[in-house]
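Secondary and tertiary structure notes
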Amino acid sequence: MYSHIYVLLIYMYQLFGMMRQWGMSSYVYAPKDDAKHRTFWRIPYDTQELAQLQELIAQCAANSIEFTYAIAPGKDVRYTDESDWVALKNKVDQLLVLGCTSVAILFDDIPNSLCEDDQRAYPEAVLAHIYLTNRLLAHLKEKITGESTLFFCPTVYCSAMANYNIAQDKYLTTIGRALDPSVHIFWTGEDIVSEHITDQHLDEISHVLARPPVLWDNLHANDYDMRRIYTGAYGDGRTKSLKTKTRGVLLNPNCEYFANIAPLYSMPLFVDQSKSVQEVEDGMVDEWYCVLLQERDQHGNPILSSSSSSSSSSSSSSSSSSAPSSAPSSPSSSTTTGVSQGCDLTKDDVRLFTEVFRSPYELGPRPKAYVRGLKELLQHYCNIRPCTSADDVSSREGSWRQCGERFTQMFDRMLTIPNRAALYSFYPYLWELNEERFLLDRYMAHARDHGVCKPFTSLEHRAGTYRGGFVAQLQRMMQIDSSGVISPALSQQFVIRPYMEEDLSGVLEVCLKTGDSGQDGTHLFPEDPLVLGRRWVAPYLGPKEVAFVLEDSIGVCGYTLGAIDSREFYERYKKEYLPTMLDLYPERPQGDESTWSERDKVVNSFYTQEVYEDEAIFRDYPSHLHIDLVGRAQRKGLGSKMIRLLLQQLKARGSSGVHLEMAVDNDAAAAFYQKMGFKVIFEDSESKIMAKKL
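Residues numbered from 1 in each chain as written. Predicted model: local features only at pLDDT ≥ 70, side-chain atom pairs only at ≥ 80, totals over all residues. Heavy atoms only, no water.

1. Some remarks on the nonpolar core
Among the nonpolar cores identified, the biggest contains 118 residues, and F67, L172 and F426 are the most heavily contacted of them. Of all hydrophobic cores here, the second largest spans 38 residues; its members include V507, L508, V531 and Y570. (Core = buried A, V, L, I, M, F, W, Y, C linked by side-chain atoms within 4.5 Å. Buried < 20%, exposed > 50% of the residue type's maximum accessible area, 1.4 Å probe, protein only.)

2. Some thoughts on helix 7 (residues 199-209)
Listed in full, the buried residues belonging to helix 7 are H201, L202, I205, S206, V208 and L209. When helix 7 is viewed along its axis, its buried side chains cluster within an angular range of 160° and face the same direction. Those residues of helix 7 that are exposed and angled more than 90 degrees off the buried face are Q200 and H207. Those residues of helix 7 hidden inside the fold are in contact with helix 6 (170-178), strand 5 (184-187) and helix 8 (242-245). Phi turns positive one or two residues past the end of helix 7, at A210, with a value near 65°. (Helix = DSSP H or I, 4+ residues; strand = E, 2+ residues; numbered from the N terminus. Arc of directions from axis to C-beta. Contact = heavy atoms within 4.5 Å.)

3. A short note on the packing of aromatic side chains
Summed over all chains, the structure comprises 32 aromatic pairs. With centroids separated by 4.9 Å and ring planes inclined at 85°, the aromatic side chains of F186 and W216 adopt a geometry described as edge-to-face. Linking F186 in strand 5 with W216 in strand 6 (residues 214-217), this pair joins segments that are 30 residues apart in sequence. Here the two residues F186 and W216 agree in accessibility, since each one is buried. A ring pair is formed by Y540 and F569, whose centres lie 4.4 Å apart and whose planes are at 25°; its orientation type is stacked. Placement of the pair is Y540 in the loop between helix 18 (531-536) and strand 11 (546-551) and F569 in helix 19 (residues 566-584), with a sequence separation of 29 residues. Residue classification places Y540 among the buried residues on the basis of a relative accessible area of 3%. Owing to a relative accessible area of 3%, F569 belongs among the buried residues under this scheme. Aromatic rings pair up to connect F16, Y27, Y29, Y45, F67 and Y69 into one cluster. The side chain of K91 reaches across the aromatic face of Y45, ending 4.8 Å from its centre. Here the basic side chain of R535 rests over the ring of W536, its NZ or CZ set 3.9 Å away from the ring centre. (Phe/Tyr/Trp six-rings, centres within 6.5 Å; stacked < 30°, edge-to-face > 60°. Lys NZ or Arg CZ within 6 Å of the ring centre and 35° of its normal.)

4. With respect to the side chain of H461
As for its position among the elements, H461 is in the loop between helix 15 (420-450) and helix 16 (470-477). Looking at H461, its side chain comes within polar contact range of the side chain of E435, at 3.1 Å. At 2.7 Å, the side chain of H461 and the side chain of S458 are in polar contact. In this structure H461 touches E435, F438, L439 and Y466, once residues within four positions along its chain are discounted. (Polar contact = N/O pair within 3.5 Å; in protein donor to acceptor, adjacent residues only side chain to side chain.)

5. Considerations on the pattern of salt bridges
With the rule as written, the count across this model stands at 40 salt bridges. In this structure, R38 and D108 form a salt bridge, with 3.1 Å as the shortest nitrogen-oxygen distance. On the criterion of sequence distance, the pair formed by R38 in the loop between strand 1 (26-29) and helix 2 (47-62) and D108 in the loop between strand 3 (102-106) and helix 4 (116-121) is long-range, its members being 70 residues apart. Each of the two residues, R38 as well as D108, counts as buried. R135 serves as the salt-bridge partner of E82, at 2.7 Å between the closest nitrogen and oxygen. With E82 in helix 3 (residues 82-97) and R135 in helix 5 (residues 125-143), this pair connects stretches of sequence that are 53 residues apart. Classification of R135 by relative accessible area gives partly exposed; the value is 24%. Within the structure, one salt-bridge network assembled from shared partners comprises D348, D349, E355, R366, R406 and R413. (Salt bridge = Lys/Arg side-chain N within 4 Å of Asp/Glu carboxyl O.)

6. Describing the sheet that holds strand 11
Spatial ordering of the open sheet is given by 10-11-12-13-14-16-15, a layout of seven strands whose pairing is mixed. Edge positions in the sheet fall to strand 10 (495-498) and strand 15 (679-683), since each has one partner strand and no second. Taking the axes of each pair of neighbouring strands and ignoring which way they run, one obtains an average angle of 25° across the sheet. Judged from the seven bridges that link them, strand 14 (residues 657-663) and strand 16 (residues 687-693) form a sheet pairing that is antiparallel. Bridge pairing in strand 16 places A663 opposite S687. This element, helix 17 (residues 504-513), spans strand 11, strand 12 (556-563) and strand 13 (623-629) of the sheet and lies at about 90° to strand 12. (Pairing = 2+ DSSP bridges. Axes fitted to C-alpha atoms, helices over the stretch in contact; angles between N-to-C directions.)

7. Some words on the sheet that holds strand 4 (residues 149-153)
What the seven strands build is an open sheet, ordered 1-2-3-4-5-6-7; its pairing is parallel. The strands lining the two open edges of the sheet, one partner per strand, are strand 1 and strand 7 (248-251). Recorded for the sheet is a direction-independent mean angle of 25° between the axes of neighbouring strands. Examined bridge by bridge, strand 3 and strand 4 share five bridges and lie parallel to one another. Residue pairing for strand 4: S102 is matched across the bridge by T149.

8. Topic: a negative patch on the surface
A grouping of E661, E683, D684 and E686 is seen on the molecular surface, where their side chains present a negatively charged patch. Mapping E661 onto the fold places it in strand 14. (Patch = residues over 30% accessible without salt bridge, like charges linked within 9 Å, V, L, I, M, F, W, Y side chains within 5 Å. Areas by Shrake-Rupley, 256 points an atom, 1.4 Å probe, with all protein chains shown as cover. Lys, Arg positive; Asp, Glu negative; His and termini not counted. Charge placed at Lys NZ, Arg CZ, Asp CG, Glu CD.)

9. A closer look at the pairing of strand 15
Pairing analysis gives four bridges linking strand 15 to strand 16, with the strands arranged antiparallel. Among the inter-strand pairings, K679 is bridged to a residue of strand 16, identified as A691.

10. A closer look at the environment of A51
Examined against the element boundaries, A51 turns out to sit in helix 2. Residue classification places A51 among the partly exposed positions, given a relative accessible area of 42%. Note: C-alpha distance between A51 and E576 (525 residues apart in sequence) is 89 Å.

11. Observations concerning the packing of helix 5 against helix 6
Look at helix 5 against helix 6: their axes get within 10 Å of each other, and the N-to-C directions meet at 30°. By the angle class used here, helix 5 and helix 6 are roughly parallel. Handedness of the helix 5/helix 6 crossing: right-handed. In contact with V126, L127, H129, I130 and N134 of helix 5, helix 6 contributes Y171, T174, I175 and A178. When its residues are assigned to classes, the contact of helix 5 with helix 6 shows six nonpolar, three polar and no charged. (Parallel < 35°, antiparallel > 145°, perpendicular 65-115°, else oblique. Left-handed = near helix turned anticlockwise from the far one by under 90°. Nonpolar A, V, L, I, M, F, W, Y, C, P; charged D, E, K, R; others polar.)

12. Remarks on the environment of E256
Structurally, the position occupied by E256 is in the loop between strand 7 and helix 9 (261-272). Distance from E256 to M226, taken between C-alpha atoms, is 9.9 Å for residues 30 residues apart in sequence. Once residues within four sequence positions are removed from consideration, E256 is found in contact with N222, M226, I229, S425 and Y429.

13. A short note on the packing of helix 9 against helix 10 (residues 277-292)
Packed helix pairs are characterised by how far apart their axes lie and by the angle those axes make with each other. Following both chains from N to C, one finds helix 9 and helix 10 inclined at 145°, their axes separated by 9 Å at the closest point. By crossing handedness, the relation of helix 9 to helix 10 is classed as right-handed. Contact residues: I261, A262, Y265, S266 and L269 in helix 9; E279, V280, G283, M284, E287, W288 and V291 in helix 10.

14. Brief notes about the environment of S113
In this fold, S113 is placed in the loop between strand 3 and helix 4. Along the backbone, S113 and K75 are 38 residues apart, and their C-alpha atoms lie at a distance of 9.7 Å.

15. Looking at the confidence of the model for the chain
With 92% of its residues at a pLDDT of 70 or more, the chain has an overall mean of 89. Confidence drops under a pLDDT of 50 for residues 1-6, and excluding neighbours within four residues, the segment shows 29 contacts in the predicted structure. Note on residues 306-340: pLDDT is under 50 here. Beyond four places in sequence and across chains, it has 52 contacts. (pLDDT = per-residue confidence, 0-100.)

This is the structure:
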């Protein structure tokens, strides 16, 4: 774990006591808000700063915790300038004199480049990093009698920074080959904040680095997004083999001290696999509950009752001037006063809090149920997936509101906790949750009574004052989908409308962008990006078919196409459309079909007149359809809306049924159409036909 020094000066007795009690053994001092740790790394610490650091080192030692001092010179160090080496050595020596025997040198978040003088000495930046680290290691061995430890943070500290190909990354392979094997290497996993850390991944990076890494886990860090905190138990997405697959695990915590009780308590238990999941969750709730009931002012200082002040003052007289006047060694052993004076917080409130703010990638059970219920109600009121009856709607909405009321109850009880420093830390997050819940309640009542077509406004939620500000405006200009793709979002409004001639280039591009089993197929048709659309889209754009497009501020982003009578459609396709394609592509592909490009295969289909014809299916389900949406339009309920609109048009124009063909292993599409009322009427080893009566 690492944190900033001003927090530790208030909480260090409690923090290090908890760490000792819970089985943690290391503390890394690496705060970016210590200017002399990174930006002004050459400048020595003054007397007061050294006294504070000495107190931290002493308290770590008293609790059997290894204190590691980290320094980050990589932003502007000159590796060939001996004066910079002297500055680094002297800075580290300041800590060694205080009793520190463990050091980390960090090269994270810096440009991977060197000045001209350094470039002449080191062809690659990694060679300079290795040189300085190995030299620092030799210095530590010379200065420290007994055991010393050196950690190294590479510039490439996760797979994403190596384009997810760590085995071929030159920076990492060079480290594995040339960095002294006794140096421990920090690693964050697949990503800076990794959703999953697997045995396979740890085995691969251990091979590349020629040693197991020290996992620097950012799962609970929130310094990159100060609108969120992460208070759930440690372990989501992590292998249970961390203890044997790494040289250790460091937890990079929330900036808010009190948000870290649950992560700190649960992390060593997960690494050791010494308790069940339920035992860990129950234990962390108990520990955190005790912390929240401690009487502390808004600055974190203990509030002492009159009965305990005299004994506390006498014991604090022998303490360092930088230490707090009183602090318990662990939350479970702390004394709380005034707890019964209006505080009605329950342990289930604490558990709910950990569920709401669990981790970057996960919600707890009750927040998940709330989101799921909200989605179902919105789908009902927007007529995307209506409920079966009025009683069903009422039951769903009642359960959803009850869940939301529990959040507000938790919020109200949190306001009464004696630990005001914890409340002040959590209040912005709790307030935002309660405000959103209040707005959703109001909107759902409006949707029930007036429908979603009537505009909804709220007196308490006005443009500019709610979700407003400079940063909020910037965020609304860009959107990020579930796969991490970021794109402009000049407008979140999507419009479904009939196809027009000027949409031709747009729908052909959509076909290409979804042409690789729903993914971007541009790479498959480099020499002819239009050919796929000419086969699967253009034939459906005539006046006798049905075609709708989906459009946003960027342009056409989807379409749904339908042939009313498949027999007639295929006749027109063969007699009228294919001749124009043969004129456009006069040369039929020749030679071994296994050597054909994707373009060749499509062009050949114009010559073979490949179409799906089954009279038995055409009799009961005469129409057929296609639909494609690009990534920015997916997972928004738009596909089902477009299908319903198309089915309405097909029925209005006399169709009695519709069918479609898909790959036999396309389970996601099959599930989607099943929810739309389609059923499988034919299946073989390659494809399946689904159909629906109109």
